[in-house]
Amino acid sequence: MADTLVSAVLEQLTTIILEEARQKVRLIKGAQEEIDKVRSNLESVRALLDDAEERGKRDKSIKLWLHRLKEASLDMEDVLDEWNTALLKWKINEAQNAVSVLQKKVCHFISCFCFRRVVKLHGVSVQIKEINRRLDEIAKQKDKYSFVSREIRQPQIQPERETTSFVDGSAIHGRDEVKKRIISYLLCGSSEESSDFHLQTISIVGMGGIGKTALAQILYNDDEIEAHFDKRVWVCVSDLFDEARVARAIIIELEGQNHTSVFLLNSLPLQSLLKRICDSLGGNKFFLVLDDVWTEDGNSSDSLKQTFKHGAPGSRILVTTRKETVVKMMESSYFFPLEELSQEVCWSILSQIAFINRDEKQCSDLKDIGWKIAKKCKGLPLAAKTLGSLLRYKRTGEEWKDVLDNEIWTSDMIQKDIFAPLLLSYYDLPWVIRQCFLYCAIFPKDFEIWRYLVIQHWMAQCYLNSSSNAEMELVGREYFDYLAARSFFQDFGRLEDGSIFKCKMHDIVHDFVLFLAESDFVTKKVAYGENSTVELQSEACHLTVMLAERTSFPASIHGTEKLRSVVTFCGRKAISNVALCNLFKQSKRLRLLEFGWPDGLNHFENGIPDEIGQLMHLRHLNLSFTVNMKKLPEGICELCNLLSLDLKGCSGLQELPDGIGKLINLRFFRAAGCFDLTWYPKSMGRLTSLRELIETNIRVDHNDPKEFCIGDLENLCHLRRLWVKLVGNSIDADEARRARLHDKIHLHEMKIDLDHNMDEGYAVETLNPPSNLNVQFWTSCTDWYY
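Residues numbered from 1 in each chain as written. Predicted model: local features only at pLDDT ≥ 70, side-chain atom pairs only at ≥ 80, totals over all residues. Heavy atoms only, no water.

The name an unreviewed UniProt entry assigns to the protein chain is Disease resistance protein RGA3, from the organism Rubroshorea leprosula.

Spelled out as structure tokens, the structure:
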């Protein structure tokens, strides 16, 4: 973490100096000297950080020194971002006003603005001086630790691509006997069941990482099971047993809901959901898997249990849990405790992954060391899989021996046996990817991680700024694939070309990353919103606000001065204007703000307050499924650093601010499901950084002076994905030519929704997209969920 933070600050310093030179504007008095000091201090410690991080695992004083360095680096990163933002706003305002007003007024404006800019940058310079004082002290303290300088190298992030060999070893090794026994109980019937219906529950019990979920998945997908039951339902329950959430998940599985229907389900009360389950079961014989149940409160599922009586005799429930008390609570008819796997089975799982793309001699040479490493798995299939993924990229016997003899196996920071192999894999990650993985602690357990979403999160935190000038989105894909290849992700959803578009983390991996995040400076705290006020530790950077069905967003959250992320999940009560204003006022460093994803149906008491414009660092804003918001405030147009704006499912939104064109860094814009938003301002054509424009209305029959038209795509040269609804009875050929779609060489996906009776062939011919592009047609009212 320290290495990437220091590198990021040094890169920002370079950017500021180059930008000032390009504009031929001298740094304000004293700032150049302070910036030189910052650079000197950080460069003096940068080459020592590799050794410091290694020794910090066992030396608490070094860990504290690193903590102070990270804290100062984060503060400096924010201050320099404030400096860059002031320069950016100066450029935006200068460009907008230099042409539109009389020369005399322009000069007056620029002189006034330059004065305000100097005042602003003077304040930033004072902050730099204070942080520099802290860095001076940190740099001096390094000498007492006698750190060893190591060469600074850019990480090589090129894991071998292999999709077919990532078979879950835990699902196919060592569980055949218990699988047969459970299947016999699932399939058997009895005379008692036919005369007096009694729903049997079978529980699989075992410690985390032992393969409960994998075994349940094998059972769920077994051909005999599929043929025997009329309906099969899989629900992951996890820590918090929320009857309404579980009920919605059951309905989705039973009825095969499309995404629009899922959206509507969120508004139904529990009683209506339970009635839907009764109707859907309709006397069918069902097989329900409740995976990862934790609650010991028998009353928490009483209502749901009553609905299951509407199934046919022979229906079964399969429960997986770590706790034997859950077995009693669920009134299980049978339970199967999973034992640890033998060393032989662990070796089989490990070697299956580790020996991919190796010849027989290499496998033979490494077998003895690998057998000893398999013993370290403690009979846990997740550990075997993790170590196999790590060893796969270790080519020599010496590297394998380093894994076997690593001090992590005896480290006092290990809380659980399973954490040791995960730690080995974690410390083997390049620095830049390590912070991306740590950030995933912000997602709740069993959260379905969409690749595009987590990449946007990483972009918002500036984790993907590449020295090679590669596209941030492409760098993010590389990092995501790297983590997937190292078994930090699982349960992949794949596209037709085999690429991953979503995944999950094993609950033990989630526990692990949460453990790391809470012990590191990049802390993740969770608030449940039971109280009107929530207290955080002052060093918290990322906050997940988990809201129960009938709780509301906290009116005040103290200790948020350094927060960089706020993500809320669930909740149905309206978020008050006071709560939002308090958050915006206290958390000026926010880079990411996300409400209600993915369950949605947000309600803001009075919309989004204009004060959101004060969040100068904000790069990602997700307002998905905000159903009562009619317009976006003009304050959003002040967020010149914003990279992504997601308005998916804001069904009541009617108006975008006229100044939206000021968001010159915006790369992702989505208005899918904004059914009342039929008019877009002309300034959309100034969003020249856009990579993805998802479901936007665009006029094609003429060039309207106020409305966004097809020709306004002319300067959007970086577009990669374009989904638009064409508005008008015909396509103006001159406007279509002005759009210059054929020149947009990066465009790889284009979907259009035709208005009225417009001909598909004529539309494609007139728009003239790149010749290698297969244009798709879709109906916005049914295919808006992305």
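Participant: Summarise unusual backbone geometry; cite the residues concerned and give the values.
Facilitator: The phi angle at Lys378 is positive, at roughly 55°, despite the residue not being glycine. Structurally, the position occupied by Lys378 is in the loop between α17 (360-375) and α18 (381-391). (Helix = DSSP H or I, 4+ residues; strand = E, 2+ residues; numbered from the N terminus.)

Participant: Before we move on, could you go through the packing of aromatic side chains and cite the residues and values that matter?
Facilitator: Following the criterion strictly, the structure yields 27 aromatic pairs and no others. Where Phe480 meets Phe489, the ring centres are 5.1 Å apart and the plane angle is 35°; that geometry is what we call tilted. Judged by its relative accessible area of 0%, Phe480 is buried. Ring pairs connect the aromatic residues Phe419, Tyr426, Tyr427, Phe437, Phe488, Phe512 and Phe515, which therefore count as one cluster. (Phe/Tyr/Trp six-rings, centres within 6.5 Å; stacked < 30°, edge-to-face > 60°. Buried < 20%, exposed > 50% of the residue type's maximum accessible area, 1.4 Å probe, protein only.)

Participant: Before we move on, could you go through the pairing of strand β7 (residues 490-494) and cite the residues and values that matter?
Facilitator: Summarising the sheet, β7 and strand β8 (residues 500-504) pair through 3 bridges and their orientation is antiparallel. Bridge assignment links Gly493 to a residue of β8, and that residue is Lys502. (Pairing = 2+ DSSP bridges.)

Participant: Could you give an account of the packing of helix α16 (residues 343-354) against α17, with specific residues and numbers?
Facilitator: Across the interface, α16 lies against α17 with an axial gap of 9 Å and an inter-helix angle of 120°. Considering the relative orientation of α16 and α17, their crossing is right-handed. Seen from α16, the contacting residues are Gln343, Glu344, Cys346, Trp347 and Leu350; seen from α17, they are Lys367, Gly370, Trp371, Ile373, Ala374 and Lys375. Its residues placed into classes, the contact of α16 with α17 shows 6 nonpolar, 2 polar and 3 charged. (Axes fitted to C-alpha atoms, helices over the stretch in contact; angles between N-to-C directions. Left-handed = near helix turned anticlockwise from the far one by under 90°. Contact = heavy atoms within 4.5 Å. Nonpolar A, V, L, I, M, F, W, Y, C, P; charged D, E, K, R; others polar.)

Participant: Please provide a residue-by-residue account of the pattern of salt bridges, values included.
Facilitator: All told, the structure shown has 42 salt bridges when counted by the stated rule. Residues Lys142 and Asp143 are paired through a salt bridge, measuring 3.5 Å at the closest nitrogen-oxygen approach. Measuring nitrogen to oxygen at the nearest pair gives 2.9 Å for the salt bridge that ties Arg699 to Glu707. With respect to burial, Arg699 and Glu707 carry one shared label: buried. Shared partners join several salt bridges into a network, and the residues in it are Glu71, Asp75, Glu77, Asp78, Arg134, Lys562, Arg564, Arg589 and Arg591. (Salt bridge = Lys/Arg side-chain N within 4 Å of Asp/Glu carboxyl O.)

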